[in-house]
Structure formats: C-alpha cells, structure tokens
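Here are the chains, one letter per residue:
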Amino acid sequence: VRPGLLHNRFLAFFGPDPKSVKDILNDLKEEFDDTSFKDTMMTLNWAKRYDVEHVLAGRWGYSEEYIGPKLKEIGKRIQSFVSK
C-alpha cells in the first residue's frame, strides 16, 4: 500500500483524521460511559457519506431498526461537545 493511502481511505469513510477520531472517542467515553466504539465509527461514517440505513445495515451488521435511533443518539452526544 502506497504511503498515505490508508490515511486517505480513513478520511474518505469517517471524515476527521484518526487522531481527531481518537480524541472524540476519548471524550465520548469520558462523558458517556456506555458509548460504543463501533456505534461511534458507524455514526462518523454516516455523517461523512450519508448512506441510507439499508447500506449501513449491510456494512455494519446491525438491523435498520437499531441504526436510526443509534445514529441520533451518538450524533447528539458528539454535537453536545460543540461550543455554542
């Protein structure tokens, strides 16, 4: 794999760079202990690519009934860190 390719792929799927994602995950875990790594990554992936629930269900292995409410929950948690 050529240099930078994995980093570029990460950015294409999740948006922020890996260090920023690590910081977001740390802050979420500190503030909301029940935050799941997988759910957070799925939410970042959805926010970057805006895939429909059927696509996310196939990619992440969850049901559509689980995904919708979880995206809202994790999204609100991330949004709570944004200064007003």
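Treat the numbers as computed from the prediction; the structure is a model and nothing was measured.

1. Here's the deal with unusual backbone geometry
In step 1: A positive phi is found at Tyr50, a non-glycine position, where the angle reads about 55°.
In step 2: With respect to the helices, strands and loops of the structure, Tyr50 is situated in the loop between helix 3 (37–49) and helix 4 (53–60).
In step 3: Using a relative accessible area of 60% as the deciding quantity, one classes Tyr50 as exposed.

2. What to know about the environment of Glu31
In step 1: With respect to the secondary-structure elements, Glu31 resides in helix 2 (residues 18–31).
In step 2: Spatially, the C-alpha atoms of Glu31 and Phe81 are 9.8 Å apart, while their sequence positions differ by 50 residues.

3. A word on the packing of helix 2 against helix 3
In step 1: Where helix 2 contacts helix 3, the two axes come as close as 11 Å, and the packing angle between them is 130°. Taken as axis vectors, helix 2 and helix 3 run oblique relative to one another. Along this stretch, helix 2 crosses helix 3, giving a crossing that reads as right-handed. Of the residues in helix 3, those in contact with Val21, Leu25 and Leu28 of helix 2 are Phe37, Thr40, Met41 and Leu44.
In step 2: Classifying every residue of the contact of helix 2 with helix 3 gives 6 nonpolar, 1 polar and no charged.

4. What to know about helix 4
In step 1: Three or more residues of helix 4 are buried, namely Leu56, Ala57 and Trp60. Down the axis of helix 4, the buried set is contained in an arc of 105°. They therefore lie on one face. Every exposed residue of helix 4 that faces more than 90 degrees away from the buried side is listed here: His54 and Gly58.
In step 2: As for helix 4, its buried residues are in contact with helix 1 (5–14), helix 3 and helix 5 (64–79).
In step 3: Once helix 4 finishes, Gly61 follows within two positions and takes phi at roughly 80°, a positive value.

Cut-offs and rules
- Residues numbered from 1 in each chain as written.
- Predicted model: local features only at pLDDT ≥ 70, side-chain atom pairs only at ≥ 80, totals over all residues.
- Heavy atoms only, no water.
- Helix = DSSP H or I, 4+ residues; strand = E, 2+ residues; numbered from the N terminus.
- Buried < 20%, exposed > 50% of the residue type's maximum accessible area, 1.4 Å probe, protein only.
- Axes fitted to C-alpha atoms, helices over the stretch in contact; angles between N-to-C directions.
- Parallel < 35°, antiparallel > 145°, perpendicular 65-115°, else oblique.
- Left-handed = near helix turned anticlockwise from the far one by under 90°.
- Contact = heavy atoms within 4.5 Å.
- Nonpolar A, V, L, I, M, F, W, Y, C, P; charged D, E, K, R; others polar.
- Arc of directions from axis to C-beta.

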